[in-house]
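Descriptive analysis of the structure
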Amino acid sequence: MVEGLALVGRRPEPRAGERVRHLLALPSSDMSLSKTHAQLHLADGVLVVMDRGSTNGSVLNRRGVARDLAPGRPATLVDGDRVRFGDREMQVAKEA
């Protein structure tokens, strides 16, 4: 569950003065996941993802259609979306 700002990566760290609620450290067997790869947060009740300039990028897959996420540009997520961060992937599921 995302509440506040969540950072995802091998060893995510906030920027100076950034208020972070969750640090999601994930192992990356092939090191394709950057130290601080992406962020997630809620904006007006909508889940938003943003690549933080990662080396290998992030990919949003919605209903079988994949698109690269531009670094620094937020993208809204909906139930069922999948997001790939390097060698890791998450699926968005709306809380029941």
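These lines cover the structure that appears in this document, whether it is placed above or below. (Residues numbered from 1 in each chain as written. Predicted model: local features only at pLDDT ≥ 70, side-chain atom pairs only at ≥ 80, totals over all residues. Heavy atoms only, no water.)

1. Remarks on the environment of L47
- Positionally, L47 belongs in strand 4 (residues 46-51).
- Along the sequence, L47 and R21 sit 26 residues apart, while their C-alpha atoms lie 15 Å from each other.
- In this structure, L47 is in contact with V2, L40, H41, L42, A75, T76, L77 and V92, ignoring residues within four places of it in sequence. (Helix = DSSP H or I, 4+ residues; strand = E, 2+ residues; numbered from the N terminus. Contact = heavy atoms within 4.5 Å.)

2. Looking at the sheet that holds strand 8 (residues 82-85)
- Taken together, the four strands give an open sheet; going across it, the order is 6-5-8-9, and neighbouring strands pair in antiparallel fashion. Two strands close off the open sheet at either side, each with one partner strand: strand 6 (65-69) and strand 9 (88-91). Strand-to-strand, the axes of this sheet are offset by a mean angle of 20°, without reference to chain direction.
- Of the strand pairs in this sheet, strand 8 and strand 9 are connected by four bridges, and their pairing is antiparallel. (Pairing = 2+ DSSP bridges. Axes fitted to C-alpha atoms, helices over the stretch in contact; angles between N-to-C directions.)

3. Let's talk about the pairing of strand 6
- Across five bridges, strand 5 (residues 58-62) lies against strand 6 in antiparallel orientation. When the sheet's bridge partners are listed, R62 is paired in strand 6 with V65.
- Adjacent in sequence and paired antiparallel, strand 5 and strand 6 are bridged by two residues, among which R63 carries a positive phi angle near 50°.

The quantities given are spatial measurements derived from coordinates; they are silent on function.
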